Amino acid sequence: MGKNLVYSSEGGRMCPGCGRPAEDCRCQAGSSGKAKGPVRVRLETKGRRGKAVTVVTGLPLDGMELADLGKALKQKCGAGGTVKDGVIEIQGDHRATVMAALKDLGHSPKN
């Protein structure tokens, strides 16, 4: 594999740094499981029949850590929700509570 690879379905997701499949990456440039960019907290109602859901994206955590954080945030807000595909969803408008909790944990969330 070289740097000139345009598209290939042979190896799945490819590392942009070394050009190897993400599972076999040696440079760790693009295959780290951690999200890049800021932690975003937003309110969504679209596609939810008008019900508000607080959505947290961009957390640099792995599966179990993200699930534990999701559980703690749901308990703090006193609401239900879910963790799926690296996104925490909490039922209701709890942006202020979630942002305060994330700041206490050392993250720097943005709206």
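Below is a summary of the structure that appears in this document.

Conventions adopted
- Residues numbered from 1 in each chain as written.
- Predicted model: local features only at pLDDT ≥ 70, side-chain atom pairs only at ≥ 80, totals over all residues.
- Heavy atoms only, no water.
- Helix = DSSP H or I, 4+ residues; strand = E, 2+ residues; numbered from the N terminus.
- Buried < 20%, exposed > 50% of the residue type's maximum accessible area, 1.4 Å probe, protein only.
- Contact = heavy atoms within 4.5 Å.
- Axes fitted to C-alpha atoms, helices over the stretch in contact; angles between N-to-C directions.
- Parallel < 35°, antiparallel > 145°, perpendicular 65-115°, else oblique.
- Left-handed = near helix turned anticlockwise from the far one by under 90°.
- Pairing = 2+ DSSP bridges.
- Core = buried A, V, L, I, M, F, W, Y, C linked by side-chain atoms within 4.5 Å.

Quick look at the overall build of the chain now. Of the regular secondary structure elements, the chain holds 2 helices and 5 strands. For the chain, the sequential pattern of α-helices and β-strands runs β-β-α-β-β-α-β. By the burial criterion, 28% of the 111 residues in the chain qualify as buried. Sequence-distant contacts, at least 24 apart, represent 36% of the contacts inside the chain between residues at least 6 apart.

With that settled, consider the packing of helix H1 (residues 63-77) against helix H2 (residues 95-104). Viewed as axis vectors pointing N to C, H1 and H2 meet at an angle of 130°, and their least axial separation amounts to 10 Å. Taken together, the axes of H1 and H2 lie oblique to each other. The chirality of how H1 crosses H2 is right-handed. Where H1 approaches H2, its residues Leu-69, Leu-73, Lys-76 and Cys-77 are matched on the opposing element by Thr-97, Val-98, Ala-101 and Leu-102.

Okay, the pairing of strand E3 (residues 81-84) next. One ladder, built from 4 bridges, connects E3 with strand E4 (residues 87-91); its direction is antiparallel. Note on E4: the bridge partner recorded for Val-83 is Ile-88. Joining the antiparallel neighbours E3 and E4 is a turn of 2 residues, in which Asp-85 adopts a positive phi near 55°.

In this structure, Val-56, Leu-59, Leu-73, Ile-88, Val-98 and Leu-102 are the most contacted members of the largest nonpolar core, which totals 14 residues. If you list the elements that add at least two residues to this core, you get strand E1 (39-44), H1, E4 and H2.

Distances and angles like these do not, on their own, reveal function.
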